[in-house]
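Letter by letter, the chains look like this.
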Amino acid sequence: SLTAGIVGLPNVGKSTLFNAITKAGALAANYPFATIDPNVGVVEVPDARLDKLTELVEPKKTVPTAFEFTDIAGIVKGASKGEGLGNKFLSHIREVDAICQVVRCFEDENITHVSGSVNPIDDIEVINLELILADMESVEKRLQRVGKMAKQKDKEALIEEPILVKLKDALEKEKPARSVDLSEDELKVIKGLHLLTIKPMLYVANVSEDEVADAANNPYVQQVREFADAEGAQVITICAKIEEEISELDDEEKAMFLEELGIEESGLDQLIRASYDLLGLATYFTAGVQEVRAWTFRKGMKAPQCAGVIHSDFERGFIRAETVAYEDLVEAGSMAAAKEAGKVRLEGKEYIVQDGDVMLFRFNV
Ligand code: GDP
């Protein structure tokens, strides 16, 4: 399954945030696949549509969908040269599908900052540079081999070489590989390189307790936002410490606490949804009287593949899917009414499932 990795310099609040994630996940006991890897935390994806469907269908049970965060500790300046945990750390990043970079935007005299003072842009640049240097090494190594093969008119090498040159040019200018405009086909050619800076990234600005309600006015947050905007990246503002406290509360207490703080939605919930989106994930629903449930699929997946998310038999024996858009179902008020209104479609093997589809799969066993 897909996972988002949490990275950041020491003392920026990664462990605090990850604790919040694992505690929130531990409360959600729905996941038999919950992993035993201490660096992986499973979180539920908050989705108001699921509550609404539960109201409509009144099932015995409601199950949200979930996905994983991986805690990647130990990046320091020089990691690409093997400092600190160095290469081990980088190899962990290779395994994740998207990167959430935690950036310290809180002042606290008692908590040492690795480079002496709080400076979010410097911090971001340290991390991003390590990733870029690691990629540069991969690209240069590959380019040496491919360059030789291209000289001998090797067909595949002739295709790959110019792509590598484009990447090298960008990396030399300290730009991430994801900033290079590559076609689907070109991306396939270089997939095997497992570049770090090709993964989508979002920034998590960690602010202090006192500033979280008015984080937009925090100058550090503004700097991060400006930097991220230039890259087309997203910024989520959280107070990791508060998230850790919230993660121990039940839903009702959580709502009260957030209201007291003047926050609309917990930062962790925002982070979960933004990461889900960054990973290219979407949700469809099944809505039976036994169980209303959210399921995760990759955007672009067709109906049989989506059925396979539930069970591989569903994919193999797929016949068709009775499908209604969430909005249409809610507007109609019930499945029967939606059918009467002609809003329930019979979709076949080629149907590309949409976020919010409510589906009933028909299949042969
Ligand atoms: P890591 O090294 O990035 O994993 O950082 P930690 O999560 O261990 O946090 C380092 C220190 O900063 C700890 O003492 C935390 O309690 C503190 N800390 C983390 N987040 C916040 C925050 O939002 N506000 C304040 N005041 N302190 C925080």
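Analysis parameters
- Residues numbered from 1 in each chain as written.
- Predicted model: local features only at pLDDT ≥ 70, side-chain atom pairs only at ≥ 80, totals over all residues.
- UniProt positions renumbered as here; feature names shortened; annotations may be inferred.
- Pairing = 2+ DSSP bridges.
- Helix = DSSP H or I, 4+ residues; strand = E, 2+ residues; numbered from the N terminus.
- Axes fitted to C-alpha atoms, helices over the stretch in contact; angles between N-to-C directions.
- Contact = placed C-beta atoms within 7 Å.
- Domains from an automatic or database assignment.
- Expected span 1.5 Å × (residues − 1).
- Buried ≥ 20, exposed ≤ 12 C-beta atoms within 10 Å, placed from the backbone.
- Arc of directions from axis to C-beta.
- Near = placed C-beta within 6 Å.
- Parallel < 35°, antiparallel > 145°, perpendicular 65-115°, else oblique.
- Left-handed = near helix turned anticlockwise from the far one by under 90°.
- Nonpolar A, V, L, I, M, F, W, Y, C, P; charged D, E, K, R; others polar.

- As recorded in an unreviewed UniProt entry, the protein goes by Ribosome-binding ATPase YchF and comes from Ureibacillus aquaedulcis.
- The Sequence similarities (unreviewed entry) comment attached to the protein in UniProt states, word for word, "Belongs to the TRAFAC class OBG-HflX-like GTPase superfamily. OBG GTPase family. YchF/OLA1 subfamily."

Things to note about the sheet that holds strand S4 (residues 66-71)
Next up, step 1: Taken together, 6 strands build an open sheet; the order of strands is S2-S4-S1-S5-S6-S7 and the sheet is mixed. Sheet topology places strand S2 (40-44) and strand S7 (235-238) at the edges, where each strand pairs with a single neighbour. Strand-to-strand twist across the sheet, computed as the mean angle between neighbouring axes with direction ignored, equals 30 degrees.
Next up, step 2: Two elements, strand S1 (residues 3-7) and S4, share 4 bridges in a ladder whose sense is parallel. Note on S4: the bridge partner recorded for glycine 5 is threonine 70.
Next up, step 3: Seen against the sheet, helix H4 (residues 120-151) touches S1 and strand S5 (98-104) and runs at an angle of roughly 145 degrees to S5.
Next up, step 4: Contacting S1, S2, S4, S5, strand S6 (201-206) and S7, helix H10 (residues 267-278) runs over the sheet at an angle of about 160 degrees to S7.

Brief notes about the domain arrangement of the protein
In many analyses, interface size is given as the accessible surface area lost on bringing the parts together.
Next up, step 1: Taken domain by domain, the protein consists of domain 1 (3-116 + 200-278), domain 2 (130-193) and domain 3 (300-363).
Next up, step 2: A C-alpha centroid distance of 32 Å is found between domain 1 and domain 2.

Regarding helix H7 (residues 219-231)
Helical periodicity: at 3.6 residues per turn, an α-helix aligns residues three or four positions apart in one direction.
Next up, step 1: For H7, which comprises 13 residues, the first-to-last C-alpha distance of 19 Å matches the rise-based estimate of 18 Å (1.5 Å per residue) to within 8%.
Next up, step 2: Along H7, the residues classified as buried are Tyr220, Val221, Val224, Arg225 and Ala228. Taken around the axis of H7, the buried residues stretch over an arc of 135 degrees, which confines them to a single face. Exposed residues lying more than 90 degrees from the buried face of H7 are Pro219, Glu226, Asp229 and Ala230.
Next up, step 3: At its buried positions, H7 is contacted by S5, H4, S6 and S7.
Next up, step 4: After H7 finishes, the residue glycine 232 shows a positive phi value of roughly 70 degrees.

Side note on the site of the ligand
Next up, step 1: Residues in close proximity to the ligand total 17 residues, the closest being Gly13, Lys14, Ser15, Thr16 and Ala240.
Next up, step 2: Within the residue set of the shell around the ligand, elements represented by two or more residues are helix H1 (14-27) and helix H8 (240-246).

Observations concerning the packing of H4 against helix H5 (residues 155-172)
Next up, step 1: Two elements in contact, H4 and H5, have axes whose closest approach is 9 Å; the angle formed by their N-to-C orientations is 150 degrees. Classified by the angle between their axes, H4 and H5 sit roughly antiparallel to one another. The element H4 and its partner H5 pack so that their crossing is left-handed. Between H4 and H5, the contacting residues are Ile132, Asp135, Met136, Val139, Glu140, Arg142, Leu143, Val146, Gly147, Met149 and Ala150 on the first element and Ala157, Leu158, Glu160, Glu161, Leu164, Leu167, Lys168 and Leu171 on the second.
Next up, step 2: Partitioning the contact of H4 with H5 into residue classes produces 12 nonpolar, 1 polar and 6 charged.

Quick look at unusual backbone geometry
Next up, step 1: Positive phi is not limited to glycine here, since asparagine 11 has a value of about 65 degrees.
Next up, step 2: Mapped onto the elements of the fold, asparagine 11 is located in the loop between S1 and H1.

A look at the pairing of S4
Next up, step 1: Among the 6 residues that make up S4, 6 are buried, leaving the element largely enclosed by the rest of the structure.
Next up, step 2: Taken together, the 5 bridges between S2 and S4 define a ladder with antiparallel strand orientation. Residue pairing for S4: valine 40 is matched across the bridge by threonine 70.

Here we look at the UniProt feature "domain: TGS" (unreviewed entry) in the protein
Next up, step 1: Under the present numbering, the feature "domain: TGS" (unreviewed entry) in UniProt falls on residues 280-363.
Next up, step 2: Secondary structure over residues 280-363 splits into 31% helix and 39% strand, and the C-alpha atoms at its two ends are 27 Å apart.

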